[in-house]
2 protein chains.
Amino acid sequence: MARTKLSGFPEWSVEGRLIELHVLDSLRHVFELHGFSNIETRAVETLDSLLSKGETSKEVYLLERLQGLEKGEHTDKDRRIGLHFDLTVPLARYVLDNVNDLHFPFKRYQIQKVWRGERPQEGRFREFTQADIDIVGNGALPFHFEVDLPLVMAEALSSLPIGPFKILANNRKVVQGVCEALGVGDVDAALRGLDKLDKIGPEGVTEELAEAGISGDQARTLLTMAQIHTDDVAELRDGIDALELSNDILREGLDELCALISDAHERMPGAVFADLKIARGLDYYTGSVYETVLTEHPSLGSICSGGRYDSLASDGKRSYPGVGLSIGVSRLVSRMIAQPMVTATRTSPAAVVVAVMNEEDRGHSNRIAATLRSRGIPTDVAPTAAKFGKQIRYADRLGIPFVWFPDASEGDTVKDIRSGDQVEADCETWMPPAEDMHPRIASATQED
Amino acid sequence: MARTKLSGFPEWSVEGRLIELHVLDSLRHVFELHGFSNIETRAVETLDSLLSKGETSKEVYLLERLQGLEKGEHTDKDRRIGLHFDLTVPLARYVLDNVNDLHFPFKRYQIQKVWRGERPQEGRFREFTQADIDIVGNGALPFHFEVDLPLVMAEALSSLPIGPFKILANNRKVVQGVCEALGVGDVDAALRGLDKLDKIGPEGVTEELAEAGISGDQARTLLTMAQIHTDDVAELRDGIDALELSNDILREGLDELCALISDAHERMPGAVFADLKIARGLDYYTGSVYETVLTEHPSLGSICSGGRYDSLASDGKRSYPGVGLSIGVSRLVSRMIAQPMVTATRTSPAAVVVAVMNEEDRGHSNRIAATLRSRGIPTDVAPTAAKFGKQIRYADRLGIPFVWFPDASEGDTVKDIRSGDQVEADCETWMPPAEDMHPRIASATQED
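What you are looking at is a predicted structure, and each value in this text was computed from that prediction instead of being measured. (Residues numbered from 1 in each chain as written. Chains lettered and ligands numbered in written order. Predicted model: local features only at pLDDT ≥ 70, side-chain atom pairs only at ≥ 80, totals over all residues. Heavy atoms only, no water.)

Undergrad: Is there a simple way to explain the overall build of chain A in this structure?
TA: Each helix and strand in chain A was counted, giving 14 helices and 19 strands. Dimensions of chain A along its principal axes, counting C-alpha atoms only, are 90 × 65 × 45 Å. Counting all 448 residues of chain A, 58% fall into the buried class. If you take every contact in chain A between residues at least 6 apart in sequence, the share linking residues at least 24 apart comes to 69%. (Helix = DSSP H or I, 4+ residues; strand = E, 2+ residues; numbered from the N terminus. Buried < 20%, exposed > 50% of the residue type's maximum accessible area, 1.4 Å probe, protein only. Contact = heavy atoms within 4.5 Å.)

Undergrad: Whenever I open this one, empty space enclosed by the protein confuses me. Can you help?
TA: Tallied over the full model, the rule gives 3 cavities of 30 Å³ or more. Considered as a void within the structure, the largest cavity measures approximately 800 Å³ in volume. Mapped by element, the contributors of at least two residues to the lining of the largest cavity are helix 1 (14-33), strand 5 (106-115) and strand 6 (127-136) of chain A together with helix 1 (14-33), strand 5 (106-115) and strand 6 (127-136) of chain B. (1 Å grid on protein atoms, 1.4 Å probe; cavity = no way out; pocket = protein on both sides within 12 Å on 5 of 7 lines; lining within 4 Å. Points joined across faces, edges and corners; volume = space filled by probe spheres on them.)

Undergrad: Before we go on, may I ask you to explain the sheet that holds strand 18 (residues 422-424) of chain A in this structure?
TA: Strand pairing within a sheet occurs via backbone hydrogen bonds; the two strands may be parallel or antiparallel. Residues and elements named next belong to chain A. Taken in spatial order, the 5 strands line up as 15-14-16-17-18 in an open sheet, and their pairing is mixed. At either end of the open sheet lies a strand with only one pairing partner, and these are strand 15 (379-381) and strand 18. Each strand of the sheet is rotated relative to its neighbour by a mean of 25°, with strand direction disregarded. As judged from the 3 bridges shared by strand 14 (residues 352-354) and strand 16 (residues 402-405), these two strands associate in the parallel manner. Looking at strand 16, one finds that Val 354 is bridged to Trp 404. Against the sheet, helix 13 (residues 362-374) contacts strand 14, strand 15 and strand 16, and its axis sits at roughly 175° relative to strand 15. (Pairing = 2+ DSSP bridges. Axes fitted to C-alpha atoms, helices over the stretch in contact; angles between N-to-C directions.)

Undergrad: Help me out: how do you make sense of the pairing of strand 11 (residues 304-314) of chain B in this one?
TA: In regular strands, side chains alternate between the two faces of the sheet. Residues and elements named next belong to chain B. Where strand 10 (residues 288-294) meets strand 11, 2 bridges bridge the pair, whose relative direction is antiparallel. The partner of Tyr 290 across the bridge, within strand 11, is Gly 306. Remark: 4 residues form the turn of the hairpin made by strand 11 and strand 12 (residues 319-328), two consecutive strands paired antiparallel; Gly 316 in that turn has positive phi of roughly 95°.

Undergrad: I'm lost on the packing of aromatic side chains in this one. Help?
TA: Ring pairs (aromatic) are described by centroid distance and by the angle formed between their planes. In the structure shown here, the tally under the stated rule is 19 aromatic pairs over all chains. Seen from their ring centres, Phe 104 of chain A and Tyr 320 of chain A are 5.7 Å apart, and the 35° between their planes marks the pair as tilted. Linking Phe 104 of chain A in the loop between helix 4 (88-97) and strand 5 with Tyr 320 of chain A in strand 12 (residues 319-328), this pair joins segments that are 216 residues apart in sequence. For the pair Phe 104 of chain A and Tyr 320 of chain A, a shared accessibility class is recorded, and that class is buried. Taken together, a centroid distance of 4.9 Å and an interplanar angle of 55° make the contact between Tyr 285 of chain B and Tyr 309 of chain B tilted. Of this pair, Tyr 285 of chain B sits in the loop between strand 9 (272-275) and strand 10 while Tyr 309 of chain B is found in strand 11, placing the two residues 24 residues apart along the sequence. (Phe/Tyr/Trp six-rings, centres within 6.5 Å; stacked < 30°, edge-to-face > 60°.)

Undergrad: Where do I start with the relation of the copies chain A and chain B in this structure?
TA: The operation relating the pair of chain copies consists of a rotation about an axis and a translation along that axis. Overlaying chain A on chain B yields an RMSD of 0.0 Å, the required transformation being a rotation through 180° with an accompanying axial translation of 0.0 Å. The two molecules are tied by a two-fold rotation axis, judged by turn and shift. Minimal C-alpha distance to the rotation axis in chain A is attained by Leu 63 of chain A, lying at 2.5 Å. (Least-squares fit on C-alpha atoms with pLDDT ≥ 70 in both.)

Undergrad: Please clarify how the nonpolar core should be interpreted in this entry.
TA: Counting residues in hydrophobic clusters, the biggest one holds 82 residues, and the most contacted among them are Leu 222, Leu 236 and Ile 240 of chain B. If you tally residues by element for this core, the top one is helix 5 (residues 144-158) of chain B, at 9 residues. Those residues in contact with Leu 236 of chain B that lie beyond four places of it in its chain are Ile 228, Thr 230, Leu 254, Leu 257, Cys 258, Ile 261, Ala 274 and Leu 276 of chain B. Formed by 81 residues, the second largest nonpolar core is a distinct cluster that contains Trp 12, Phe 145, Ala 264 and Leu 332 of chain A. (Core = buried A, V, L, I, M, F, W, Y, C linked by side-chain atoms within 4.5 Å.)

Undergrad: Would you take a moment to explain the confidence of the model for chain A for this structure?
TA: Close inspection of predicted coordinates is inappropriate for parts of the model with low pLDDT. Of the residues in chain A, 96% have a pLDDT of 70 or more, and the chain-wide mean is 93. As a predicted assembly, this complex carries a pTM of 0.96 together with an ipTM value of 0.95. (pLDDT = per-residue confidence, 0-100.)

See below:
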């Protein structure tokens, strides 16, 4: 049996998985509270579909049948299938496949593994979980969803033990308007340059932009714009006005960005900031774009990104605009575990272990356990009728707080093995304290 | 954008996914109630690991990096990785990888997609979800777990709206003992023959067995054994005694099977039957084996199978025995949807839609929605400020039972759109009836 860690394919311990489940359950709860329906799509798409957006930067894992390969049968190029590298391409295909059965605007959440055939030496995940919410319209999609969506995500992130965060928003139309008003022809080059601001600083960006034919004056204005970071609408308007530029697309974009910031400020103060240097993804988004940073963990980069597409999907006759946000769950959970930001109070779901006096009496212990379970109490039974000390150690190692001792003559007792307190108990009525019913995820002491 | 249904890769509608989520949530609840911890393993294993049990019948999907292939780089034979085809091979590898961090006996449940590169014409799923529970020991694993495990699964299956079922149990040692006492050398051939009893009948089986050198007399005894089907221990002992055969391994196996049937009969009457024709998997299981049939859906075959391995995993020095059961969730859910055995009361998680009088007042509707959500009520807001009839239709199409009408002057009202009843309501205090809080999965009228 091979024992091989495969780099890029993370696996959590039992405790790590409890933390991940807590994250996934919390996200699901908030998404459903806001009326998002769940779907799952198949793990594979046709290669055609995977490459339809020209996403060559996201490497694809192709599938080949082993038994086919062994007979020398390679899959024909036009029948190749590969693992999805995100949940957006599959959503677009799912919408087109099911267009007659869906009701629009279609609000869905989707939590699944995705795969990217990254080169191993990059040390990036090749398998990871994403949690996406998207709203897809049929032909049209009102702007207000570009405000609603980051606020749903802010509420979801608030439910996680990850400390404070900021959602940073920009708008493709603002940057494009500024570029056009400045006479910058290569908007994509401008975006690529600005995207590196945090990494290479203003001088570096100026040099990059110069290579794309963007003058020093133009670069200075772009850099002034990129420094705008505020959750105050007046400050945002003043900052753009100070550039002394104007055209229709800039005005439209600024109105949208101001509406987003002002509405978000009212509904959830401190959650959403305009940040004009956000440029990643501006090449394929058409309106609002979002990134999310954890205040106490800036090195993680954006943990949740997305934006508005005017044409998420199209069947030629009609297009389906969408706005979506995606959390990189595995990277986030990986940090939560490694830091550690949180710990679990125990690794077993059981709140109590019923001891077994001797193997002949296992049936009696099973009946007690069945009664406790019928009352909703997660219950384990000792694996062997070992000495009580050993049975207590079994509970202790799994973090199970209570051990139940059956005693037909004197009456049953239950022991809190943390405090040592042992009291008489009846399995028809005893309840563990509410906080001990299920494993809890608690913040770890942080020295960040 | 390609719109291709890929045969063997099922996808559910929004309602179908709700049904699947209900199944998965129910299974998880019961597994955790019994103290099983959850793990997930990576989707891929080394080819070495996948083939280590000689499982050539389960076809493997290999992964190739597209960008590697395009450069003519095929993965070296000894570095190939493929998608897992079950959750047992990954469990064995996970146990060895984490042996120092796990506590034994290790009780885990695992619910994940698996993939099999079946030939498309067979019409079988190539991607499907399995839900497994296993208990893995370190060096030893007491027999009582072979009784506990099918009863956990019986409780889990009882929680699903799938009608009555029977878990059928046999024991490798009984069949092997009978074969040895009869002088049948090729036990595997005997098992393969008996496994076809339901398909080809006793005459067909006798012919098959004859080809493997098993005489007519031997075949008659094996067929007599295979007809034993009972949840009564006395009847089981009588049936085996009537074969007039005896040896140590037969006695040991019969004692185990009797202990299983008698204990199961006491703890959950009617759930577990001894069925001596159960032979699938007896070639790799070493003790108890299980299959599960739905009384009202026999054509589905076994929906949940498993058994005991004396050596689930081994690191050379030490072996890790295990007992496990696996539900084929996708095939079960596929039948539940197609029949239909069940339907969902609605497709949106929302219990109520807050209407929007006009777009200027959307903020007011958002505030009402936020209040309802803060009280745990899943709430949607109308996508546009259309005429009320259209807003009600939006709710109706998603099956959302209530529409909330904000009215600053006269006071808010909420309408049950099923009955048409409309009453005054305050978003700080109104609650939907408990049965309308979340979508419910209800049995469909069945004509099976």
